[in-house]
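# Examination of the molecular architecture
As a plain string of letters, each chain reads:
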Amino acid sequence: GQNIDQPTEMTATEGAIVQINCTYQTSGFNGLFWYQQHAGEAPTFLSYNVLDGLEEKGRFSSFLSRSKGYSYLLLKELQMKDSASYLCAVCSGNTPLVFGKGTRLSVIA
Amino acid sequence: NAGVTQTPKFRILKIGQSMTLQCTQDMNHNYMYWYRQDPGMGLKLIYYSVGAGITDKGEVPNGYNVSRSTTEDFPLRLELAAPSQTSVYFCASREDGGNRPQHFGDGTRLSIL
């Protein structure tokens, strides 16, 4: 089976940095995705990691440690528009993506 | 390109009614997916397809059916609507290759009363 864990909710201040963690247990591993989902909208792709290390994309970075079954999404210079849910999803073997329940981030002034 | 288009955007059904949620994509993607998302929950896979004529069950297929007669279209059918099927339904597609991201439609908000 597969299990993906993320914190349910987080709150951070505008301009700050926030780290959203994701741990997973899967049989086989082919990569990990992060998606952003604003309330009432569809998820949109943020990042993909398949090798250990940090992938940086502007204000957003994603880190992966395959040996630890661990990833995080780092958001810098937080803006109010970053208030959204962040979904971690794991790809393993030939099975479809499995999504975590998501972390709802609230950015406050 | 329109991407992934879902219709309708909203629908209210009575218990026992049936309906089809439409999904079409214009990106020539072989892989297509149907998810449901309940409040505060992640996405649960209902059915998926790896190409025209091929469909497979996901995590929560009971009460649903799909077909994939063309690359573009992947309709989801509810035969006997039940209150437990009240949810937001998302269709998604992606290119071949395991590292390709999924592209989502805007969703269908379905209430069964």
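Right, let's walk through the structure included here. In this text, all values refer to a predicted model and were calculated from it rather than measured experimentally.

A separate point is the overall build of chain B. When helices and strands are counted, chain B shows zero helices and 11 strands. Mapped from its N terminus to its C terminus, chain B presents α and β elements in the order β-β-β-β-β-β-β-β-β-β-β. Its C-alpha radius of gyration of 13 Å places chain B within 12% of the 13 Å reference for a compact globule of 113 residues. Over its C-alpha atoms, taken along the principal directions, chain B stretches across nearly 40 × 30 × 25 Å. Residue burial in chain B is summarised as follows: out of 113 residues, 44% are buried.

Looking now at the overall build of chain A. In terms of helices and strands, chain A carries zero helices and 11 strands. Along the chain direction, N to C, the helices and strands of chain A fall in the order β-β-β-β-β-β-β-β-β-β-β. The C-alpha atoms of chain A give 13 Å as radius of gyration, which agrees with the globular expectation for 109 residues (13 Å, within 12%). Seen through its C-alpha atoms, chain A measures out along the principal axes to roughly 40 × 30 × 20 Å. Nonlocal contacts in chain A, meaning residues at least 24 apart in sequence, comprise 54% of its contacts between residues at least 6 apart. Carbon and sulfur atoms make up 50% of the accessible area of chain A, which amounts to about 5,200 Å² in all. Looking at charge distribution, chain A has the averaged site of its 8 positive side-chain charges lying 3 Å from that of its 9 negative ones.

Bringing the interface of chain B and chain A into the picture now. Contacts between chain B and chain A engage 19 residues on the former and 16 residues on the latter. Taken together, the links from chain B to chain A amount to zero salt bridges. Run the count over chain B and chain A and you get three residue pairs in polar contact (both at pLDDT 80 or more). Of all elements in the fold, only strand 4 (31-37) and strand 5 (43-51) of chain B reach the threshold of two or more residues within the side of chain B that touches chain A. Tallied by class, the residues present in the side of chain B that touches chain A amount to nine nonpolar, seven polar and three charged.

This paragraph deals with the sheet that holds strand 8 (residues 70-75) of chain A. All names here are of chain A. Here we have five strands laid out as an open sheet, ordered 1-3-8-7-6, and antiparallel in their pairing. Strands with a single pairing partner mark the edges of an open sheet, and in this sheet they are strand 1 (3-5) and strand 6 (53-57). Between one strand axis and the next, the sheet turns through 15° on average, direction left out of account. Judged from the six bridges that link them, strand 3 (residues 18-25) and strand 8 form a sheet pairing that is antiparallel. Its bridge partner lying in strand 8, V18 is registered against L75.

Glancing now at the pattern of salt bridges. Per the counting criterion, the structure on display carries seven salt bridges over all chains. Measuring nitrogen to oxygen at the nearest pair gives 3.7 Å for the salt bridge that ties A:K76 to A:E56. Of this pair, A:K76 sits in the loop between strand 8 and strand 9 (84-91) while A:E56 sits in strand 6, and the two are 20 residues apart along the sequence. Looking at A:K76, the relative accessible area reads 28%, which means it is partly exposed. The residue B:E95 makes a salt bridge to B:R100 at a minimum N-O spacing of 3.5 Å.

Strand pairing in a sheet takes place through backbone hydrogen bonds and is either antiparallel or parallel in direction. Residues and elements named next belong to chain B. Spatial ordering of the open sheet is given by 1-3-8-7, a layout of four strands whose pairing is antiparallel. The two strands at the open ends of the sheet, each matched to only one other strand, are strand 1 (4-7) and strand 7 (64-66). Sheet twist, expressed as the mean angle between neighbouring strand axes with direction ignored, is 20°. As paired elements, strand 1 and strand 3 (residues 19-25) share four bridges and run antiparallel to each other. Opposite Q6, over in strand 3, you have C23 as the bridge partner.

About the criteria used
Residues numbered from 1 in each chain as written. Chains lettered and ligands numbered in written order. Predicted model: local features only at pLDDT ≥ 70, side-chain atom pairs only at ≥ 80, totals over all residues. Heavy atoms only, no water. Helix = DSSP H or I, 4+ residues; strand = E, 2+ residues; numbered from the N terminus. Rg over C-alpha atoms; globule rule 2.2 N^0.38 Å. Buried < 20%, exposed > 50% of the residue type's maximum accessible area, 1.4 Å probe, protein only. Contact = heavy atoms within 4.5 Å. Areas by Shrake-Rupley, 256 points an atom, 1.4 Å probe, with all protein chains shown as cover. Lys, Arg positive; Asp, Glu negative; His and termini not counted. Charge placed at Lys NZ, Arg CZ, Asp CG, Glu CD. Salt bridge = Lys/Arg side-chain N within 4 Å of Asp/Glu carboxyl O. Polar contact = N/O pair within 3.5 Å; in protein donor to acceptor, adjacent residues only side chain to side chain. Nonpolar A, V, L, I, M, F, W, Y, C, P; charged D, E, K, R; others polar. Pairing = 2+ DSSP bridges. Axes fitted to C-alpha atoms, helices over the stretch in contact; angles between N-to-C directions.

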